[in-house]
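Listed below are the residues making up each chain.
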Amino acid sequence: MNLLLAENRIDCASHLGKIITEVENWVFAVTVVDTLAKAREALSTKQYDVILLHLDLPDSKGIETLIAVRRDAPDSLTIVSAAPEEPKRAEEAAKHGARGYLPSCAVDAHMLSGVLAVAFENKARERRLGQREKHYRNVIASLEDAYFEFDLAGRFSSFNDAMCRILGYDRKTLSSMTFRDVLHPQVVEDVYETTKKVLRSGKSEQTLQCEIIRSDGANRFLEFSVSILRDAGGRRRGICGIARDMTERREVEVALAEAKERAEAATRAKSHFLANMSHEIRTPMNGIIGMYNLLLDTPLTREQRDFAITGKNSATGLLEIVNDVLDFSKIEAGGMDVEIIDFDLRNTIGDLVAAPAVLAHQKGLEFVYHMDPEVPSLLRGDPGRLRQIIMNLITNAIKFTSKGEIVFRIFLESASARSIALRFCVEDTGIGISEADQSKLFESFQQVDTSSTRKYGGTGLGLAISKRLVELMDGSIGVTSESGKGATFWFRVSLARQRDMPHKPLTVPEDLKDKRILIVDDNRTNLKVLSGYLDRWRCPCDTATGAAMAISAMGTAAISGRPYDLVITDMMMPEVDGAELGRRIKGDPLLAKTRMIILTSQGIRGDAAEMKRIGFSGYLTKPVRRSLLLDCIEAVMSRKSDGQEERIDQPIVSVHSLSEKKRREKSILIAEDNPVNRKLALVMLKRFGLAADAVSNGEEALEALASKFYDLVLMDVQMPVMDGLEAARKIRERGTKILNPAVVIIAMTAHVLEGDRDKCLQAGMTDYVAKPIQPEILLSTIEKYLFV
């Protein structure tokens with residue numbers, strides 16, 4: 001910083017110059033002069049930040065010296081000095097702009113540093129106040145609304161241009177008027193009383209209305225607020241306020257009310273149209289996709305199977321487009337919303353991953369799913385929307401990945417007594433996304449480029465919808481990727497814990513903790529997930545990345561007298577697959593007594609029987625749910641044996657065998673008027689091992705429920721004679737003849753717009769499944785209520 005030192009004595013100038021170099025936190029370039037003339041010459045050639053000025057110079061004495069310097073350098077920080085015996089001159093100097101006072105030749109570094117600090121702070125404060133005042137005046141001047149002030153006599157003392165424009169007077173004329181002069185005679189006394197009330201109470205008055213008379217005689221209506229105006233000492237000096245011309249607004253309000261009614265009518269018509277369109281499309285699509293599923297479970301030639309798969313994929317693709325368009329329409333209309341209900345996260349995710357796992361394995365991709373053990377299961381939120389986001393991210397990952405793996409992970413980011421924050425990640429080894437293209441991924445109708453749309457299909461709405469859903473859950477979503485190096489899509493949401501419903505950990509039988517288990521899989525991610533489960537259960541386990549390594553480890557363990565009790569192996573492995581590994585284990589007398597569970601990527605008809613013939617005791621489809629794996633291990637290790645060798649007459653343990661007994665004990669009623677959908681539901685339930693009866697409307701459902709005890713009803717909503725909503729209400733009525741009034745009622749409907757679920761729940765239904773019915777979703781919903 002530049003400093004000008006104007007001192008009349010050489011010794012004092014030398015002393016101050018030395019002191020200046022010792023001041024901490026400031027570095028000054030010092031110019032020394034000994035007269036006012038030289039000081040003014042220096043100020044004309046350079047701008048100085050600080051001026052240390054002795055009031056008595058050879059060519060100027062007293063305050064006149066300060067006045068002359070301030071005239072030449074009004075923005076510089078000026079600190080005056082005088083003889084130590086003349087401190088009273090400081091007050092007079094301050095009135096003329098001095099920022100500080102120093103006794104001449106009696107200054108030390110500490111004193112100078114303090115005076116500078118205070119001076120700079122005061123100058124900064126004044127600058128801020130000046131900026132605020134300037135900003136305040138600019139704001140007042142630029143207001144579209146009128147700003148005004150009037151004194152205690154009612155005379156206008158200040159106002160902006162908007163006040164002149166509204167009243168129709170120029171500034172000079174308005175300055176000579178009082179507020180009474182512009183008011184309509186009928187409101188003068190009311191306004192006068194209001195101003196007296198404000199002055200008396202000190203409280204402002206908001207949204208007052210009155211009529212004024214413009215200079216041209218026209219009447220206008222103003223809405224205004226007024227507050228008390230005080231001087232620097234806090235004394236009342238008048239009234240200030242803001243006024244707005246609301247004459248046209250009154251007319252606009254009437255027009256807006258009419259427009260609002262028309263818009264709401266249009267919205268209702270649009271919602272009704274979307275609901276009908278959804279129902280009309282989904283009802284036949286339910287039959288088409290469902291029948292393709294049933295057809296693919298029958299013996300077909302290769303050509304027939306290819307035709308059926310192509311037809312199903314086309315129908316599924318059409319349904320995805322319909323779903324995206326409907327969801328996007330709801331977003332555009334502001335009708336998209338999320339609900340808050342109790343749900344089991346592990347059940348929801350466990351049911352969800354089955355379908356995309358099949359898609360991944362059909363492309364030869366490894367699909368891995370892992371949820372941190374610390375993540376609680378019983379939460380509150382919208383499981384349906386959560387599923388929608390996850391399915392979108394996983395199916396996108398599968399779509400854009402030709403080889404490698406898809407890994408779906410759920411992490412616990414933070415937790416409190418009432419809520420948790422979860423991070424969901426979908427990692428793939430696909431085509432990747434450049435940084436430039438990532439910015440448009442979450443925009444509507446956008447994909448990385450048009451060639452992606454042609455090659456992979458899709459509407460470009462999925463990620464935009466997912467982003468909006470995540471935002472509705474107060475979360476965030478994003479992607480990290482490089483072109484050609486895969487991508488990781490993630491989203492973060494907070495979910496509430498269920499009240500008084502602590503998470504119940506899986507109970508691991510004590511005898512399992514003494515068993516030695518070997519896990520065999522060529523995919524290291526799978527090994528990490530499975531071994532993590534067993535470590536969590538405190539079950540000792542080792543891992544092997546292939547058959548040769550597994551046989552070697554088992555042989556070594558058997559010879560050492562500590563053989564493995566159980567081998568869990570993947571089916572699809574290079575060189576030697578899981579089935580061949582099983583044959584080799586059972587063909588080795590030293591290893592033959594080891595029990596085995598095989599994990600397969602895709603269950604094919606006849607596989608379980610073949611695995612049983614090889615000698616496997618358990619057969620599970622990947623990705624394996626944690627609780628299901630534990631149930632299977634427990635069932636396999638507790639099976640009856642002849643000596644130490646397992647009896648061969650026992651069926652293989654599978655997903656179906658674990659729940660088969662429970663399913664046989666339950667009875668289900670289907671209420672569906674469409675014969676194709678009714679037939680489809682019956683066949684689906686039969687395939688699930690569930691017994692079911694069917695009726696064609698709500699009235700017949702009531703008769704059936706009065707004659708037989710049913711555990712669950714699959715109730716279509718839109719039916720003739722009596723619809724599903726009315727039937728549900730009658731089932732829940734007191735004094736009904738229904739044998740099980742608490743029967744679980746699952747709505748089964750093509751209506752999927754906002755509010756449909758609420759209507760079902762308000763009618764007494766338990767839950768909601770949207771058409772077209774997806775077998776895995778239907779089964780998981782049934783299991784949630786019947787097999788908890």
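Above this text sits the structure in question.
Residues numbered from 1 in each chain as written. Predicted model: local features only at pLDDT ≥ 70, side-chain atom pairs only at ≥ 80, totals over all residues. Heavy atoms only, no water.

A few points about the overall build of the chain
Stage number 1. A count of helical and extended segments in the chain gives 27 helices and 30 strands.
Stage number 2. Taken across its 788 residues, the chain has 48% of its residues classed as buried.
Stage number 3. Counting contacts in the chain only where the partners sit at least 6 residues apart, residues at least 24 apart contribute 64% of the total.
Stage number 4. For the chain, the computed accessible surface area is about 40000 Å², with 52% contributed by carbon and sulfur atoms. (Helix = DSSP H or I, 4+ residues; strand = E, 2+ residues; numbered from the N terminus. Buried < 20%, exposed > 50% of the residue type's maximum accessible area, 1.4 Å probe, protein only. Contact = heavy atoms within 4.5 Å. Areas by Shrake-Rupley, 256 points an atom, 1.4 Å probe, with all protein chains shown as cover.)

Points about a negative patch on the surface
Stage number 1. Negative charge collects at one region of the surface, where Asp511, Asp514, Asp631 and Glu634 lie side by side.
Stage number 2. Relative to the helices and strands, glutamate 634 resides in helix H21 (residues 626-637).
Stage number 3. Classification of glutamate 634 as partly exposed rests on a relative accessible area of 35%. (Patch = residues over 30% accessible without salt bridge, like charges linked within 9 Å, V, L, I, M, F, W, Y side chains within 5 Å. Salt bridge = Lys/Arg side-chain N within 4 Å of Asp/Glu carboxyl O. Lys, Arg positive; Asp, Glu negative; His and termini not counted. Charge placed at Lys NZ, Arg CZ, Asp CG, Glu CD.)

Side note on the pattern of salt bridges
Stage number 1. Under the criterion given, the structure shown has 27 salt bridges.
Stage number 2. In this structure, aspartate 216 and arginine 214 form a salt bridge, with 3.4 Å as the shortest nitrogen-oxygen distance.
Stage number 3. The exposure class of aspartate 216 is exposed, given its relative accessible area of 52%.
Stage number 4. Exposure remark for arginine 214: the relative accessible area of 21% places this residue in the partly exposed category.
Stage number 5. Within the structure, one salt-bridge network assembled from shared partners comprises Glu580, Arg583, Arg584, Glu610 and Arg613.

Things to note about the sheet that holds strand E4 (residues 77-82)
Stage number 1. Strand order in the open sheet made by the five strands is E2-E1-E3-E4-E5, with parallel pairing throughout. Edge strands, defined here as strands with exactly one partner in the open sheet, are strand E2 (29-33) and strand E5 (100-103). Pairs of neighbouring strands in the sheet enclose a mean axial angle of 20°, with direction left out of account.
Stage number 2. With four bridges connecting them, strand E1 (residues 2-6) and strand E3 (residues 50-54) associate as parallel partners. Within E3, the position partnered with leucine 3 by the bridge is valine 50.
Stage number 3. Packed on one face of the sheet, helix H2 (residues 36-45) meets E1, E2 and E3 and runs near 165° to E1.
Stage number 4. Each of E3 and E4 is contacted by helix H3 (residues 63-72), which is oriented at about 160° to E3, the strand it contacts most. (Pairing = 2+ DSSP bridges. Axes fitted to C-alpha atoms, helices over the stretch in contact; angles between N-to-C directions.)

A few points about the pairing of strand E26 (residues 667-671)
Stage number 1. Burial within E26 is extensive, with five of its five residues counted as buried.
Stage number 2. Neither face of E26 is left uncovered, since the one carrying Ser667, Leu669 and Ala671 and the one carrying Ile668 and Ile670 both have all their residues buried.
Stage number 3. Pairing of E26 with strand E27 (residues 691-695), which is carried by five bridges, proceeds in the parallel orientation. Its bridge partner being in E27, leucine 669 is matched across the sheet by aspartate 693.

Remarks on the packing of helix H11 (residues 345-352) against helix H12 (residues 354-362)
Stage number 1. Packing of H11 against H12 leaves a shortest axis separation of 4 Å and a crossing angle of 30°. In terms of orientation, H11 lies roughly parallel with respect to H12. Between H11 and H12, the residues in contact are Gly350, Asp351 and Leu352 and Ala354, Ala355 and Pro356, respectively. (Parallel < 35°, antiparallel > 145°, perpendicular 65-115°, else oblique.)

Observations regarding the nonpolar core
Stage number 1. If you look at the biggest cluster of nonpolar residues, it comprises 42 residues, and the most contacted ones within it are Phe408 and Phe491.
Stage number 2. Not counting the four nearest positions on each side in its chain, phenylalanine 491 is found in contact with Leu386, Ile389, Ile390, Leu393, Leu422, Arg423, Phe424, Val470, Ser476 and Ile477.
Stage number 3. If you look at the next biggest cluster of nonpolar residues, it comprises 28 residues, including Phe179, Val198, Phe224 and Ala243. (Core = buried A, V, L, I, M, F, W, Y, C linked by side-chain atoms within 4.5 Å.)

Describing the packing of aromatic side chains
Stage number 1. Counted according to the given criterion, the structure contains seven aromatic pairs.
Stage number 2. Ring plane angle 90° and centroid distance 6.4 Å describe the contact between phenylalanine 150 and phenylalanine 156, whose orientation is recorded as edge-to-face.
Stage number 3. Judged by relative accessible area, phenylalanine 156 falls into the buried class, the value being 6%.
Stage number 4. Between phenylalanine 424 and phenylalanine 491 the ring centres are 4.6 Å apart and the planes differ by 5°, which places this aromatic pair in the stacked class. Here phenylalanine 424 is found in strand E15 (residues 419-428), whereas its partner phenylalanine 491 is found in strand E17 (residues 487-497), with 67 residues between them in sequence. The pair formed by phenylalanine 424 and phenylalanine 491 is uniform in burial state, with each residue classed as buried.
Stage number 5. Across the ring face of tyrosine 192, the terminal group of arginine 180 is positioned such that the distance to the ring centre comes to 4.6 Å.
Stage number 6. In this structure, arginine 516 is placed above the aromatic ring of tyrosine 564, and the distance from its NZ or CZ to the ring centre is 4.5 Å. (Phe/Tyr/Trp six-rings, centres within 6.5 Å; stacked < 30°, edge-to-face > 60°. Lys NZ or Arg CZ within 6 Å of the ring centre and 35° of its normal.)

Some thoughts on the packing of helix H19 (residues 578-587) against helix H20 (residues 607-614)
Angle between the axes and distance between the axes are the two parameters that describe a pair of packed helices.
Stage number 1. One can describe the packing of H19 onto H20 by two numbers: an axis separation of 9 Å at closest approach and a directional angle of 25°. Judged by the inter-axis angle, H19 sits roughly parallel to H20. Residues Ala579, Gly582, Arg583 and Lys586 of H19 form the contact with H20, whose participating residues are Glu610, Met611 and Ile614.
Stage number 2. A class-by-class count of the residues in the contact of H19 with H20 yields three nonpolar, one polar and three charged. (Nonpolar A, V, L, I, M, F, W, Y, C, P; charged D, E, K, R; others polar.)

Side note on the side chain of glutamate 223
Stage number 1. In this structure, glutamate 223 sits in strand E9 (residues 219-230).
Stage number 2. Overall, glutamate 223 belongs to the buried group, its relative accessible area being 17%.
Stage number 3. Ignoring sequence-local partners within four residues, the contact set of glutamate 223 consists of Thr207, Leu208, Gln209, Ile242, Ala243, Arg244, Met246 and Arg249.

Quick word on unusual backbone geometry
Stage number 1. Notably, aspartate 474 is not glycine yet its phi reads approximately 60°, a positive angle.
Stage number 2. With respect to the helices and strands, aspartate 474 occurs in the loop between helix H16 (462-472) and strand E16 (476-481).
Stage number 3. For aspartate 474, a relative accessible area of 69% corresponds to the exposed category.
Stage number 4. Of note in the backbone geometry, arginine 538 takes a positive phi value of approximately 60° without being a glycine.
Stage number 5. Note that arginine 538 resides in the loop between helix H17 (524-536) and strand E19 (541-544).

Re the sheet that holds strand E28 (residues 712-716)
Stage number 1. In spatial order, the strands read E27-E26-E28-E29-E30; together these five strands make up an open sheet with parallel pairing. Each edge of the open sheet is held by one strand with a lone partner, namely E27 and strand E30 (767-770). Looking at each pair of strands side by side, their axes are set apart by 20° on average, direction ignored.
Stage number 2. With five bridges connecting them, E28 and strand E29 (residues 744-749) associate as parallel partners. Looking at the pairing, aspartate 716 lines up with methionine 748 of E29.
Stage number 3. Packing of helix H25 (residues 724-732) onto the sheet brings it into contact with E28 and E29, and relative to E28 it is tilted by some 150°.
Stage number 4. Of the strands in this sheet, E26, E28, E29 and E30 touch helix H27 (residues 775-786), which is tilted by about 170° from E30.

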